[in-house]
Amino acid sequence: MTPLVAFLEVGVSRAARTTMSSLPVVSTEPDTMLTLEVAPHQTVAVLGDETSGVDALGGLALGLERPLTGRVLTLGTEIATLERSAQLAFRRRVGYLPAGDGLMQNLTLRDNIRLPLRFGSDFRPREIEGRVDVIVAQLRLTRVADLRPAQANAEDRRRAALGRALAFDPELVVLEEPFDGLTDRAAAELLEAARGGETAEGARRTVFLTGPDLPALLRPRVDRTVRMARGRVEEVR
Amino acid sequence: MTGLLAAIGRGTARWLGRVGLLARFAFEAFASIRTLPGAGRRVAARVLLNQLRFTALEAVGLIILLSGVLSYLTISSTIAQLDKVGASELIGKLMVVAIVRELGPLLTAIAVVGRSGTAITAELATNTVLGEVRALEGMGIDPYHYLVLPRIFGCVVSVITLMVLFDVIALLGGYLAAGLFSGMSGARYLGIVLANLTTQDVVLTVFKGLLFGTVIGIIPAYEGLTVRRGPTEIPQAVIRGTVHSLGMIFVLAAIIVGVLVR
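I will try to describe carefully the structure that is included in this document. Treat the numbers as computed from the prediction; the structure is a model and nothing was measured.

Reading guide: rules and limits
Residues numbered from 1 in each chain as written. Chains lettered and ligands numbered in written order. Predicted model: local features only at pLDDT ≥ 70, side-chain atom pairs only at ≥ 80, totals over all residues. Helix = DSSP H or I, 4+ residues; strand = E, 2+ residues; numbered from the N terminus. Buried ≥ 20, exposed ≤ 12 C-beta atoms within 10 Å, placed from the backbone. Contact = placed C-beta atoms within 7 Å. Rg over C-alpha atoms; globule rule 2.2 N^0.38 Å. Pairing = 2+ DSSP bridges. Axes fitted to C-alpha atoms, helices over the stretch in contact; angles between N-to-C directions. Parallel < 35°, antiparallel > 145°, perpendicular 65-115°, else oblique. Left-handed = near helix turned anticlockwise from the far one by under 90°. Nonpolar A, V, L, I, M, F, W, Y, C, P; charged D, E, K, R; others polar. Core = buried A, V, L, I, M, F, W, Y, C linked by C-beta atoms within 7 Å.

**With respect to the overall build of chain B**
Then comes step 1: When helices and strands are tallied, chain B shows nine helices and zero strands.
Then comes step 2: When the helices and strands of chain B are placed in sequence order, the string is α-α-α-α-α-α-α-α-α.
Then comes step 3: Counting all 262 residues of chain B, 45% fall into the buried class.
Then comes step 4: Counted over contacts in chain B with a minimum sequence separation of 6, partners at least 24 positions apart contribute 87%.

If you want it as structure tokens, here you go:
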């Protein structure tokens, strides 16, 4: 089966991230070489501390940064090589929960979930509202949906950020540090929502997540775990 | 001596590099108009309306105050002197050349930089530091479409509108001051001013509004989006955005006077 994400001899470093992908980035030498494939319906975790370069993988998978060496294929396409407008259109096919949630602070949680649908789809307003209502209910955000991120707690903000990532019901979800600061129970709920239920082949959605560690409760729900440290990549499970 | 020249050269190269990046940013921002999706236009239009409310509508009071006080001070301090030498007719020329053509656009632009340019840099720098800009790109929304273009167009429309308001209030203020300090009739004052006001003055005002508004939209946005290190860099970005915008506006004003106004 064609992998949904493939890192092919990708040189990873702790390079400064770009603020916008079209603005220049300081390039550095790679200190880890990564080859990794994420098969459909799998949940794959790459773990490592902040010196390992693991926090760059989400951006590489979405083409927000170009790899220093090697290639990254997402849904069979090297996003970073596409023209800018094609890159943006392509990313709507992938759900993305960035580290620190990245919610727009001037919008309510509901408006944050609504934003990608309003900006990047031709759905009618009623369809958008219907879809947003379903996501809000599924993620148990009804009570806080009209709060702004600063008024909500960390758990609700993370749920809203996941809701935004799932707005287009993508087949692939990229999660950066999704469980940071959450209780094991909240983390488990979040992962189950990202997986989107079960099918005969595995989870309905393919999940690629990165972060420093994985709560013990979640380890059985993750199909593959890879750890990056000091320039080495080890398959843990 | 060689060391001094090398330092000047390095400084110039750095400055040219920054100007090049800013030019590229401006070009990419305007070029992104052609890729703005239909649905995105409605969302961007809402952001634009918010920007107009903040930059134009909420600045009306400040512009009226600035304009009224400036015209009052100009007329009250000059009309008596002009009367003494029998040159009160020159009040019209003074109002048109000094206030409508030069000071009006310049002071309006300075006020908008102070109110909105600083806010744009601070807001976009905060968006950047909190990872919102990266998140937008990650979900397929172009930050140029959602954050930059509405602010550029908002600033252009606001600056032109506020410049026209500034000039109208200045002329009205002059009318009141002329009547108060010189006993000049309203009809005479208006006759003198209108005789000195040409189509070129109106076109120049709009042209300056277009240029200054673009500068106030682009430079603060660029400085906000290029913050890298974290929240501590936001005040520095605001200072850079303000100083560079003001510097560019003064340079452009000087170029316009040198090239277009004879």
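**Brief notes about the overall build of chain A**
Then comes step 1: For chain A, the helix and strand inventory stands at six helices and eleven strands.
Then comes step 2: Relative to a compact globule of 237 residues, whose C-alpha radius of gyration would be 18 Å, chain A shows 17 Å and is just as compact.
Then comes step 3: Reported as C-alpha extents along the three principal axes, the dimensions of chain A are approximately 45 × 40 × 35 Å.
Then comes step 4: A buried classification covers 46% of the 237 residues belonging to chain A.
Then comes step 5: Restricting the contact set of chain A to residue pairs at least 6 apart, pairs at least 24 apart contribute 70%.

**Here's the deal with the sheet that holds strand β9 (residues 206-211) of chain A**
All names here are of chain A.
Then comes step 1: If you trace the six strands from one edge of the open sheet to the other, you get β5-β6-β9-β3-β10-β11, paired in mixed fashion. Unpaired on one side and paired on the other, β5 (94-97) and β11 (232-235) mark the two borders of the sheet. Neighbour to neighbour, the strand axes of the sheet diverge by 15° on average, direction disregarded.
Then comes step 2: Across four bridges, β5 lies against strand β6 (residues 172-176) in parallel orientation. By the bridge assignment for β6, G95 is matched with V173.
Then comes step 3: Contacts from helix α5 (residues 154-165) reach β5 and β6, with the element oriented near 160° to β5.

**Here's the deal with the packing of helix α3 (residues 60-84) of chain B against helix α4 (residues 90-129) of chain B**
Residues and elements named next belong to chain B.
Then comes step 1: It is at 11 Å that the axes of α3 and α4 come closest, and there the two elements cross at 150°. In terms of orientation, α3 and α4 fall into the roughly antiparallel class. Considering how the two elements wind past one another, α3 and α4 form a crossing that is right-handed. Across from L62, I63, L66, L70, S71, T74, I75, T78, I79 and L82 in α3, the residues of α4 making contact are L90, I91, L94, A98, I99, L103, L107, T108 and A111.
Then comes step 2: Taken together, the residues of the contact of α3 with α4 sort by class into 15 nonpolar, four polar and no charged.

**Comments concerning the interface of chain A and chain B**
Then comes step 1: Facing the 27 residues of chain A at the interface are 25 residues of chain B.
Then comes step 2: Its residues placed into classes, the side of chain A that touches chain B shows 13 nonpolar, nine polar and five charged.

**Some thoughts on the packing of α3 of chain B against helix α6 (residues 143-182) of chain B**
All names here are of chain B.
Then comes step 1: Where α3 contacts α6, the axes come no closer than 7 Å and their chain directions differ by 40°. For α3 against α6, the interelement crossing comes out right-handed.
Then comes step 2: Among the residues forming the contact of α3 with α6, the class breakdown is 16 nonpolar, seven polar and one charged.

**Observations concerning the pairing of strand β3 (residues 43-47) of chain A**
Then comes step 1: With respect to burial, β3 of chain A is a largely interior element, five of its five residues being buried.
Then comes step 2: What you see with β3 of chain A is no split at all: T43, A45 and L47 of chain A on one side and V44 and V46 of chain A on the other are buried throughout.

**A few points about the sheet that holds strand β4 (residues 71-74) of chain A**
Residue and element names in this part refer to chain A.
Then comes step 1: Spatial strand order, β2-β1-β4: three strands in an open sheet with antiparallel pairing. Among the strands making up the open sheet, the edge pair consists of β2 (32-38) and β4. Geometrically, the sheet is characterised by an average inter-axis angle of 15° between neighbouring strands, direction not taken into account.
Then comes step 2: Judged from the six bridges that link them, strand β1 (residues 5-12) and β2 form a sheet pairing that is antiparallel. Residue pairing in the sheet places G11 in a bridge with M33 of β2.

**Here's the deal with the nonpolar core**
Then comes step 1: Within the largest apolar cluster, 131 residues are counted, with the highest numbers of intra-cluster contacts made by L162, V174 and F208 of chain A together with V112 and V159 of chain B.
Then comes step 2: A total of 19 residues in this core trace back to one element, the largest contributor, which is α6 of chain B.
Then comes step 3: V174 of chain A has contacts with G58, A61, L62, V94, G95, Y96 and F208 of chain A, leaving out every residue within four places of it along the chain.

**Some words on the environment of S67 of chain B**
Then comes step 1: For S67 of chain B, the position within the fold is in helix α3.
Then comes step 2: For the pair formed by S67 of chain B and E28 of chain B, sequence separation is 39 residues and the distance between their alpha carbons is 36 Å.

**A closer look at helix α3 (residues 109-120) of chain A**
Structurally, the α-helix is built with 3.6 residues per turn, so residues lying three or four positions apart point the same way.
Then comes step 1: Where burial is concerned, most of α3 of chain A is hidden: ten out of the twelve residues are buried.
Then comes step 2: Among the residues of α3 of chain A, those classed as buried are L109, R110, N112, I113, R114, L115, P116, L117, F119 and G120 of chain A.

**What about the environment of G230 of chain B?**
Residue and element names in this part refer to chain B.
Then comes step 1: Examined against the element boundaries, G230 turns out to sit in the loop between α8 (199-225) and α9 (234-259).
Then comes step 2: With 10 C-beta atoms counted inside 10 Å, the residue G230 sits in the exposed group.
Then comes step 3: Between the C-alpha atom of G230 and that of T126, which follows or precedes it by 104 residues, the distance is 8.7 Å.

**Looking at unusual backbone geometry**
All names here are of chain A.
Then comes step 1: Residues other than glycine seldom take positive phi values, yet D101 does so here, at roughly 70°.
Then comes step 2: The topology assignment puts D101 in the loop between β5 and α3.
Then comes step 3: In this structure, D169 is a non-glycine residue whose phi angle is positive, near 50°.
Then comes step 4: Mapping D169 onto the fold places it in the loop between α5 and β6.
Then comes step 5: By C-beta crowding, D169 is classed as exposed, having 12 other C-beta atoms within 10 Å.

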